[in-house]
Number of protein chains: 2
Amino acid sequence: MTAAESYSELLRRSKALGVLNSCAAALGWDHQTYMPAKGAALRGEQMALLAALSHQKLTDPKNGELLAAVEGTDLVTDPESDAGANVREWRRGYDRATKIPQALVEELARVTTQAQQVWEQAKKKNDYASFRPLLEQVVKLKRDEAAAVGFNDHPYNALIEEYEPGTTVAELKVLFAGLTAELAPLVKKIVAAPKQPDKGVLERDFPIDRQKMFAEAAAAAIGFDFAGGRLDTTAHPFCSGFGPGDCRITTRYNPKFFNEAFFGVLHETGHAMYEQNLPAKHFGTPLGVACSFGIHESQSRLWENQVGRGRPFWEHFFPRLKQTFPAAFADVAPESFYFAVNEVKPSLIRVEADEATYNLHIALRFELELALLSGDLKPADLPGAWNDRFEALFGLRVPDDARGCLQDIHWSFGGIGYFPTYTLGNLYAAQLMDAVRREFGPALDDDFRRGDFSRLKGWLNQNVYAHGQRFRAGELCRRATGAPLSPKPFLSYLNEKFGALYGVC
Amino acid sequence: MTAAESYSELLRRSKALGVLNSCAAALGWDHQTYMPAKGAALRGEQMALLAALSHQKLTDPKNGELLAAVEGTDLVTDPESDAGANVREWRRGYDRATKIPQALVEELARVTTQAQQVWEQAKKKNDYASFRPLLEQVVKLKRDEAAAVGFNDHPYNALIEEYEPGTTVAELKVLFAGLTAELAPLVKKIVAAPKQPDKGVLERDFPIDRQKMFAEAAAAAIGFDFAGGRLDTTAHPFCSGFGPGDCRITTRYNPKFFNEAFFGVLHETGHAMYEQNLPAKHFGTPLGVACSFGIHESQSRLWENQVGRGRPFWEHFFPRLKQTFPAAFADVAPESFYFAVNEVKPSLIRVEADEATYNLHIALRFELELALLSGDLKPADLPGAWNDRFEALFGLRVPDDARGCLQDIHWSFGGIGYFPTYTLGNLYAAQLMDAVRREFGPALDDDFRRGDFSRLKGWLNQNVYAHGQRFRAGELCRRATGAPLSPKPFLSYLNEKFGALYGVC
């Protein structure tokens, strides 16, 4: 077999695996949307079977032989050519999947399934003690995983590699230290400002069918393709791109609070437009997969916050919002509404946090999971460490673990190393948007005021969506913005926006 | 490996195959309900991949070895024991799947996919000529399939074996001759009767949300478990039982015609209750699968017609119906409504046919597909043969092929041999219901008048649902009713019901 033939065979195998995984994605979506309650056991068996088939296809030793036959040949000399990028990412996936012993894979699946169930109850009952033994097991298994995969400096580097390849603990530490140093004083100034928004205008009656209509209109306006996707209702909103032509977003409606569904839909639409515009011809191969979790998150945050919480966006949409909910907004001025959706206020819950405090929540989690993984922090001491650090960052006492260290699902499913991608997403979003603004100038906001988002979407298509995993996140950022990732654009954006809003600069 | 060990391994393989096939069922349901239009190509790839994996698992030569190691041993001496029945049905499935050459399987898939697309257009444009070459290919391939599988007397026997194992052309010919001889004169008498219903009362305004509410209430009342199932909207209604705890039914709503959704839902609920009550512990093995297509159809027709078009059923539901649609039924007497939903009238379209004329539609198709398969009828001569025979049976001229030989999808997907199961279903339904009535007497109708269907459902559970494929359809019928299948209970039911309604006996 020539190198070219080996590469063709790898392509064929990768595409078949992509189709198989897309079946699991569709069943996962159904699980969270329409599946009747009694269908859970069968769904579990279906997902386990598909996962086993997928793992078997991924770790087939023949893949290793084919990769070895292609690596080092002319075909992959250019690491950013189709073959170069695909082979690089196949190798990363194959090595990771084959280095972790089967027994550890099964143990992780068993423990995290149990840990998620126990966590759900523990959170409900505010009972950290019941979750602690499971967290101890998860941390131990993730250390074993890091050891099996191999790492430099810190085991955390092996874990973050799964979500944000190429990023390191050393870089993240610098990033978070810089962010925290600037965010904490900004938030303090905002809290102390005499001018404050009236959030009450968002807590009126919003009939669900109208919320859906308005959210779908906004999603379509910014570029979601409803001929190749849907919006449905679920308990924990998500976006799932099955593959070309089929991307599903979900939300949940609160009939007494406008933000929950609306900004949730903008967020998922941001993810979805990335999925819908990945190059279809590369489906099932790395070139048809999103660059990283951080870049994916940048797309949701860009549309949710940079665009959807911006004044030009609401100059277009607020009159339409008033028509949709005439009773709720009859007495509300555009500026009051705009201020209300941009309220900054330290709060206990990450998923409800505003743009200015959000990354402090992540900084806290990053610190703690580093310490858990290194062994410097014992799970037994987690609640105390959480609460102390939280108070230092936010100036709030944590009243209970349910609203403290038990609030997130991530550690229960073994997602240690995942949290930083949220902050990376916020930073990438600001830096990308800064580059877009430099390129198009005031024309961009003029577009938004007319309800036209095609110029922005076109830029993202060219600079982000079209590349799949051809470049790592850092390189994608350099090419799109002319500079490596920096917290500066994000901090400038926050200072400018909230300084003006709250009159604190 | 002992026989017991071989049997255990067959069980394990069968159950895994069941789970795999249930994934395809879930994706098939999504395809017909929620999938966005642009998702069709990916869905096609997903279904093809799952079908290939399934076929590979089904035809694994190891299955043949395991079967051979169990057959002839004490384990299967009793053909109606768990192992006896499972091994019998595994053998049937394995032999059928392995006897048909892979090239023929692929050719059939290719041609029938194309034929369905061409048929859809041909029906729309009333253009039989465009469909004829595809039908010629389908007929030829089905003859090849019959030859590969092997048969006695008539190649049709090899095809019907897939849907109704144990049934033969010889038996069916006797059955249809007897039915036609009695039905044709009955229908003539009804048509000539001076007393006729006013179908107009069913063609008023029926808001879709209320239709859904009323249909769901009726489905729940007769026994559909909504904790283990759902009702959704689709273009071509169906029931799909994924497996234990998850069965989906679908319907379509006509805001100007009551019957379409309501009786459709009763029909699918009949199928669904069979699926929901198959023994869950046998899921994935023949004992967890419905007996035959004819018996499955008997369950839909029993609830749709024997129960749902009966007077006691409407004595309970008509007052509720009037509350649900007060405007539409304000001036309608219960007896007028009951007569209207039982109108008998020869018509062109099978799926809209009433209880008395329905089987004449099937008799026509049975005759013609026998002749197509034997070569006595050339596809080129089909429209003429259809139209002549239709006029002889129904006394109506067929105005065009769209409402004639192009109306059904079955031949385009290669389902030659499928149609008789509809008539078998009607006959089994009547014979089962006759046995139930003999057992419970007038108490049964008293139940229905109170909206209580549990006694009937309990009997079906014990006599039909619980057995899976332990018995072939004929034996199931003998055990449940004390006699082999006969058209007599069905004909008595029709004569009694419609004789009284139309005053023609």
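Residues numbered from 1 in each chain as written. Chains lettered and ligands numbered in written order. Predicted model: local features only at pLDDT ≥ 70, side-chain atom pairs only at ≥ 80, totals over all residues. Heavy atoms only, no water.

A.B. asks: Give a detailed account of the overall build of chain A, specifying residues and quantitative values.
C.D. replies: Helix and strand counts for chain A come out as 21 helices and 3 strands. Since a compact globule built from 505 residues should have a radius of gyration of about 23 Å, the 23 Å found for chain A is in line with a globular shape. Along the three orthogonal principal directions, the C-alpha set of chain A runs to about 70 × 50 × 50 Å. Relative to its full complement of 505 residues, chain A shows a buried share of 57%. Long-range pairs, those at least 24 residues apart, make up 73% of the contacts in chain A between residues at least 6 apart in sequence. For chain A, the computed accessible surface area is about 20,200 Å², with 54% contributed by carbon and sulfur atoms. (Helix = DSSP H or I, 4+ residues; strand = E, 2+ residues; numbered from the N terminus. Rg over C-alpha atoms; globule rule 2.2 N^0.38 Å. Buried < 20%, exposed > 50% of the residue type's maximum accessible area, 1.4 Å probe, protein only. Contact = heavy atoms within 4.5 Å. Areas by Shrake-Rupley, 256 points an atom, 1.4 Å probe, with all protein chains shown as cover.)

A.B. asks: Give a detailed account of the relation of the copies chain A and chain B, specifying residues and quantitative values.
C.D. replies: Note on the chain copies: they are related by a rotation about an axis and a translation along it. Once chain A has been moved 0.0 Å along the axis and rotated by 180°, it coincides with chain B to within an RMSD of 0.0 Å. Taken together, the rotation and translation relating the two chain copies correspond to the operation of a two-fold axis. The fraction of interface residues of chain A whose copies in chain B are also interface residues reaches 100%, indicating that both copies meet through the same surface. (Least-squares fit on C-alpha atoms with pLDDT ≥ 70 in both.)

A.B. asks: Any chance you could break down the domain arrangement of chain A for me, citing the residues and the numbers?
C.D. replies: Residue and element names in this part refer to chain A. For chain A, the assigned domains read domain 1 (3-163) and domain 2 (199-342 + 447-471). Computed from C-alpha atoms alone, the centre-to-centre distance between domain 1 and domain 2 is 28 Å. Taken together, domain 1 and domain 2 are joined by 1 salt bridge. Here D82 makes a salt bridge to R470, at a shortest N to O gap of 2.8 Å. (Domains from an automatic or database assignment. Salt bridge = Lys/Arg side-chain N within 4 Å of Asp/Glu carboxyl O.)

A.B. asks: Go over helix α9 (residues 208-222) of chain B with me, naming the residues and quoting the values.
C.D. replies: Residues and elements named next belong to chain B. Compared with the 21 Å implied by 1.5 Å per residue over 15 residues, the 21 Å span of α9 between its first and last C-alpha is a close match. Of all the positions in α9, only Q211, F214, A215, A218, A219 and I222 are classed as buried. Seen end-on, α9 carries its buried residues on one side only, within an arc spanning 135°. Projecting away from the buried face of α9 at angles above 90 degrees are the exposed residues D209 and M213. (Expected span 1.5 Å × (residues − 1). Arc of directions from axis to C-beta.)

A.B. asks: Describe the UniProt feature "active site" (unreviewed entry) in chain A, with residues and values.
C.D. replies: Residues and elements named next belong to chain A. Mapped onto this numbering, the UniProt entry gives "active site" (unreviewed entry) at E268. Along the chain, E268 falls in helix α10 (residues 258-277). Using a relative accessible area of 9% as the deciding quantity, one classes E268 as buried. Separated by 3.3 Å, the side chain of E268 and the backbone nitrogen of C239 make a polar contact. (UniProt positions renumbered as here; feature names shortened; annotations may be inferred. Polar contact = N/O pair within 3.5 Å; in protein donor to acceptor, adjacent residues only side chain to side chain.)

A.B. asks: Tell me what's going on with the packing of helix α17 (residues 420-440) of chain B against helix α20 (residues 473-481) of chain B, and back it up with residues and numbers.
C.D. replies: Residue and element names in this part refer to chain B. One can describe the packing of α17 onto α20 by two numbers: an axis separation of 9 Å at closest approach and a directional angle of 20°. Here α17 lies roughly parallel to α20, going by the angle between them. In terms of crossing hand, the pair formed by α17 and α20 is left-handed. For the pair formed by α17 and α20, the contact residues are Y428, Q431, L432, A435 and R438 on the first element and A473, G474, C477, A480 and T481 on the second. Of the residues in the contact of α17 with α20, the class split is 6 nonpolar, 3 polar and 1 charged. (Axes fitted to C-alpha atoms, helices over the stretch in contact; angles between N-to-C directions. Parallel < 35°, antiparallel > 145°, perpendicular 65-115°, else oblique. Left-handed = near helix turned anticlockwise from the far one by under 90°. Nonpolar A, V, L, I, M, F, W, Y, C, P; charged D, E, K, R; others polar.)

A.B. asks: Kindly report on the packing of aromatic side chains, identifying the contributing residues and their values.
C.D. replies: Think of a pair of aromatic rings as described by two things: how far the centres are apart, and how the planes are tilted against each other in angle. Residue and element names in this part refer to chain A. Following the criterion strictly, the structure yields 90 aromatic pairs over all chains and no others. On the basis of an interplanar angle of 65° and a centroid distance of 5.1 Å, the ring pair of Y163 and Y418 is categorised as edge-to-face. Taken together, the residues span a long stretch of sequence, with Y163 in helix α7 (residues 156-163) and Y418 in the loop between α16 (382-394) and α17 (420-440) at a distance of 255 residues. With respect to burial, Y163 and Y418 carry one shared label: buried. (Phe/Tyr/Trp six-rings, centres within 6.5 Å; stacked < 30°, edge-to-face > 60°.)

A.B. asks: Report on the state of the cysteines, specifying residues and quantitative values.
C.D. replies: A disulfide bridge is the covalent bond that connects two cysteines by way of their sulfur atoms. For the structure shown, the criterion picks out 0 disulfides over all chains. The closest cysteine sulfur to the non-disulfide-bonded C23(A) is located on C23(B), 7.5 Å from its own sulfur. (Disulfide = S-S within 2.5 Å.)

A.B. asks: Can you tell me about the interface of chain A and chain B, naming the residues and giving the values?
C.D. replies: Put simply, an interface is often sized by how much accessible area is lost when its parts join up. Taken together, the contacts link 35 residues of chain A with 35 residues of chain B. Of the roughly 2,700 Å² buried between chain A and chain B on both sides combined, carbon and sulfur atoms contribute 67%. Broken down residue by residue, the surface that chain A buries against chain B is led by Y34(A), K38(A) and L42(A), which jointly contribute 21%. The interface formed by chain A and chain B contains 6 salt bridges. For the pair chain A and chain B, the number of links is 14 residue pairs in polar contact (both at pLDDT 80 or more). (Buried area = accessible area lost by both parts, 1.4 Å probe.)

A.B. asks: Describe in detail the sheet that holds strand β2 (residues 239-243) of chain B, supporting the description with residues and values.
C.D. replies: Residues and elements named next belong to chain B. Spatially, β1-β3-β2 is the arrangement adopted by the 3 strands of the open sheet, whose pairing is mixed. The open sheet has two edge strands with one neighbour each: β1 (229-233) and β2. Along the sheet, successive strands turn relative to each other by an average axial angle of 20°, direction set aside. (Pairing = 2+ DSSP bridges.)

A.B. asks: Describe the sheet that holds strand β1 (residues 229-233) of chain A, and please don't skip the residues or the numbers.
C.D. replies: All names here are of chain A. Taking strand neighbours across the sheet as the criterion, the 3 strands line up as β1-β3-β2 in an open arrangement whose pairing is mixed. What marks the edges here is a single partner per strand, and that holds for β1 and β2 (239-243). Neighbouring strand axes in the sheet, compared pairwise and without regard to direction, differ in orientation by 20° on average. Across 4 bridges, β2 lies against strand β3 (residues 246-251) in antiparallel orientation. Directly across from C239, in β3, lies its bridge partner I249.

A.B. asks: Now, about the side chain of E343(B): what can you tell me, with residues and values included?
C.D. replies: Residue and element names in this part refer to chain B. Turning to its location among the elements, E343 is positioned in the loop between α14 (334-340) and α15 (358-374). Buried and unpaired, E343 has no salt bridge, with K199 as the nearest side chain of opposite charge at 4.4 Å. Those residues in contact with E343, other than ones at most four positions away along the chain, are P197, K199, D354 and Y502. (Lys, Arg positive; Asp, Glu negative; His and termini not counted.)

A.B. asks: Any chance you could break down the pattern of salt bridges for me, citing the residues and the numbers?
C.D. replies: If the charged atoms of two oppositely charged side chains come close together, the side chains can form a pair. Residues and elements named next belong to chain A. For the coordinates displayed, the defined rule picks out 91 salt bridges over all chains. When the shortest N-O distance is used, the salt bridge between R96 and E162 registers 3.5 Å. Here E162 lies in helix α7 and R96 lies in helix α4 (residues 82-99), a separation of 66 residues in the sequence. For E162, a relative accessible area of 36% translates into the label partly exposed. Members of the salt-bridge network, linked through shared partners, are E9, R12, R13 and D60.

A.B. asks: Would you mind going over the UniProt feature "binding site: Zn(2+)" (unreviewed entry) in chain A in detail, with residue names and values included?
C.D. replies: Residue and element names in this part refer to chain A. Using the residue numbers shown here, the UniProt feature "binding site: Zn(2+)" (unreviewed entry) corresponds to H267, H271 and E297. Spanning 31 residues, the annotated positions come together in the fold, the maximum distance between their C-alpha atoms being 8.8 Å. Here H271 shows up in helix α10. For H271, a relative accessible area of 11% corresponds to the buried category. Leave out the neighbours within four places in its chain, and H271 touches C239, H296, E297, Q299 and S300. Ignoring anything within four residues of it in the chain, the contact list for E297 reads H267, H271, T421, Y422 and G425.

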